[in-house]
Amino acid sequence: MMSELISAEKMKYYKEMLQAFPCAAFVSIDDRRKQTIDVICANQEYYDLTGITHDAIEFGDHDIRNLDDIATEDKLRVNREFGEAAKEKRNVAMDAQIRLIDGGYMRCRIHARPLETIGDAVVFVVTFHRYDDKDPEKIIKQHYVEHDALTNIFNMKGFCMQTAEVLATYPERHFTIAVSDIDSFKTINNMFGEEVGDTILKRIAASIKENFTGFFRDNIPGSYGRIGSDRFAVCLPSEMIDADKMVEDLDGLFAGMDLNYRVVVHYGFCEVPEKNFEVSDIIEQAYLACSTVKHNMVRRYAYYDNVLRESLLAEQELISHADKALKNHEFIPYFQPVFQSGTQKLVSAEALVRWKHPERGLLEPGKFVPAMERNGFIASVDACMWEAVLSFLHERMKAGKQVVPISVNMSRQDIFNPKLTDHMLSLVEKYEVDPNYLHIEVTESAYIDENLQQQLAETIFNLRKKGFIILMDDFGSGYSSLNVLKDMPVDIMKIDRGLTFDIETSERGKAMLGAIVRLANRLCIPTIAEGVETEEQYNFLKSIGCDSIQGFYFSKPVSQEEFEKLLDTSEVPEYEPGEALPGHFAHSETDFSPYRETVMLVGEENEDVFSPQAILKNEYHVKSFKDPASVDPETMEKAGYVMLTRKAYEELLSSKS
């Protein structure tokens, strides 16, 4: 008997393995050279299904080489497919009718997977998934319940079932589930049509299927499927996971598609624990890891581990108390002042949210804002900050105290609110504050997000039309900053702290900052440099004509009480309605050309004597005013500025050329 080749220890292992299966299953030894297929052990579900006795298997009397348990019309096909699987030592799956204990037949889905090779024989584990009906139409329907119609690979349900079976078959091995997600897949469908989107999905499915064909031939267990609109999942032994290669393979897959668009895929990985788990939970954890790197062009994958787990649990604990915190006014504004680079006068401030947590103390934004952005609660926090800032401005104005414009943040969720402009208008009317005093910051990443661009352009246009000042935050942190400036109207540019940081160590960084400031001056957009911490950084930014400074060099974010004291004791320049910052008027969309009919002021900060040649040097500061009469000549002279009309400026340029 072939069963004699199996040790008692191995037989015990096989029997314990079979008990983990929820369906009928047996282990067999297939030796096609000797034309024998011996069933060496089975689970109770198999005995119940077929009526075969324990003794028939235990004493080697159940040789299935004649396939007596298979319906006649299926024997030839099953024999051929099992024979090829044994020869190639690979997995095989098929539908066939199995004889039942009552003599009738039932349609089953049969899976066979090779476990090991003993001489010329292959040890298989064979499982039977029964259908409820002999009706072939129902079998077809069952196929579509478990398979994705577009790619014809397992869907979420089928992948979970298949994966559970693989994990039960190989309990001694360590497996990892990987989930992939395509960035901005909706944008691809909108730009190129659903047919192109479907082609991308089919290519991914075909590539995965081809890889797994090779794995199965090499006796490597695993499973794969399309588990969502643009999400795929695979399960493989952990030692087979090569995250860098997976990223590289998919990048190469899309390189041949002539889309003029980079298709970017991110991955999340999660190792399967030894016990007490559901496949769907592991998939969810892998996707959570994937979500932490989504839209990140540098990090393309992440692992779900104890660190991430603890972080997510802490995040969930915070989120669960957010509603109560909102009602208890635990979200409060801190203010970071902004100062003019030349005069060092206080010109504005940015309101930054803090959570005054009753148990954990004062929490900075990094501890809770990212979680609220993922959770969808950030819009409520934003609205809370808007009201807090407007209330602060209202109370000071009512008391006759001086104020400066204060900027607040607007998240992606706010952008998609079709009633945002109306809501903002109702707030400034409620608190009797001119919209000019509520500046709205939009991070550069929102401008370059393809899903937001059309909605963002409409939102910004409507807000600016009503008098709100728009700031582009974090300029220079992304890859499409120049396109954003070209296509999107903004009133103030905030230069990312990452560029400021390089001033003391990088000549190239200095050159880039100089070019950015000159470009902003050319477009008549005032600049604010963020993250300024040292005197060297400040002096350099001042020398290249950066208008304003924000950072620890002047002040860290302070409480409302401290900010009020600063306002009460600071010299604040006169701020006219319609100005983005003092001396810089906000422009309508048609005002953006540098050649419009305005008065230009050219500041000479490094020379004692004014000369036409000095005006044309790149480092000099160009400002514009709509009303020349509004500029005090004495102040202008003290600051070292010279006034020119457009005509005089063009004549100056002409004479130099």
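Before reading on, note that the structure itself is shown above.
Residues numbered from 1 in each chain as written. Predicted model: local features only at pLDDT ≥ 70, side-chain atom pairs only at ≥ 80, totals over all residues. Heavy atoms only, no water.

Draft legend 1. View of the sheet that holds strand 8 (residues 231–237). Here we have 5 strands laid out as an open sheet, ordered 7-8-6-9-10, and mixed in their pairing. Single-partner strands in this sheet number two, and they are strand 7 (223–226) and strand 10 (301–303). Within the sheet, the average angular offset between the axes of one strand and its neighbour, ignoring direction, is 15°. Bridging between strand 9 (residues 265–271) and strand 10 involves 3 bridges; their strand directions are parallel. Within strand 10, the position partnered with phenylalanine 269 by the bridge is tyrosine 303. (Pairing = 2+ DSSP bridges. Helix = DSSP H or I, 4+ residues; strand = E, 2+ residues; numbered from the N terminus. Axes fitted to C-alpha atoms, helices over the stretch in contact; angles between N-to-C directions.)

Draft legend 2. Structural view of the pairing of strand 11 (residues 331–340). Extensive coverage of strand 11 is indicated by the burial of 9 of its 10 residues. Pairing between strand 11 and strand 12 (residues 346–357): 9 bridges, direction antiparallel. Residue pairing in the sheet places phenylalanine 339 in a bridge with leucine 346 of strand 12. In this structure, the hairpin formed by strand 11 and strand 12 is closed by a connection of 5 residues, where glutamine 344 is found at a positive phi of approximately 60°. (Buried < 20%, exposed > 50% of the residue type's maximum accessible area, 1.4 Å probe, protein only.)

Draft legend 3. Representation of the nonpolar core. Tyr14 and Val27 are the most contacted members of the largest nonpolar core, which totals 43 residues. In terms of residue count, the dominant contributor to this core is helix 10 (residues 279–291) (7 residues). Once residues lying within four places of it in the same chain are set aside, the contact partners of tyrosine 14 are Ile6, Val27, Ile40, Cys41, Leu115, Glu116 and Val123. Judged by nonpolar contacts, the second largest core, of 38 residues, contains Phe335, Ile415, Leu420 and Val442. (Core = buried A, V, L, I, M, F, W, Y, C linked by side-chain atoms within 4.5 Å. Contact = heavy atoms within 4.5 Å.)

Draft legend 4. Structural context of the packing of helix 14 (residues 378–398) against helix 16 (residues 420–430). Here helix 14 crosses helix 16 at 30°, and the two axes come no closer than 9 Å. One way to sum up the angle between helix 14 and helix 16 is to call them roughly parallel. As for the relative orientation of helix 14 and helix 16, their crossing is right-handed in sense. Of helix 16, the residues touching helix 14 (which contributes Trp386, Glu387 and Leu390) are Leu420, His423, Met424, Leu427, Val428 and Lys430. Grouping the constituent residues of the contact of helix 14 with helix 16 by class yields 6 nonpolar, 1 polar and 2 charged. (Parallel < 35°, antiparallel > 145°, perpendicular 65-115°, else oblique. Left-handed = near helix turned anticlockwise from the far one by under 90°. Nonpolar A, V, L, I, M, F, W, Y, C, P; charged D, E, K, R; others polar.)

Draft legend 5. Broad picture of the sheet that holds strand 4 (residues 105–118). The strand order across the open sheet built from 5 strands is 2-1-5-4-3, with neighbouring strands paired in antiparallel fashion. Of all strands in the sheet, those with a lone pairing partner are strand 2 (36–42) and strand 3 (92–99), marking the two edges. Across this sheet, the average inter-strand angle for adjacent strands is 35°, counted without regard to direction. Bridging between strand 1 (residues 24–31) and strand 5 (residues 121–130) involves 7 bridges; their strand directions are antiparallel. Across the sheet, the residue bridging to valine 27 is valine 125, located in strand 5.

Draft legend 6. Examining helix 9 (residues 243–255) more closely. In this model helix 9 runs 19 Å from its N-terminal to its C-terminal C-alpha over 13 residues, within 8% of the 18 Å that 1.5 Å per residue would give. Of all the residues in helix 9, the buried ones are Ala243, Met246, Val247, Leu250 and Phe254. For helix 9, the arc enclosing every buried residue in end-on projection is 100°, short of the 170-degree limit, so these residues lie on one face. Opposite the buried face of helix 9, at more than 90 degrees from it, the exposed residues are Asp244, Glu248 and Ala255. Taken together, the buried residues of helix 9 touch strand 6 (175–182), helix 8 (194–217), strand 8, strand 9 and strand 10. (Expected span 1.5 Å × (residues − 1). Arc of directions from axis to C-beta.)

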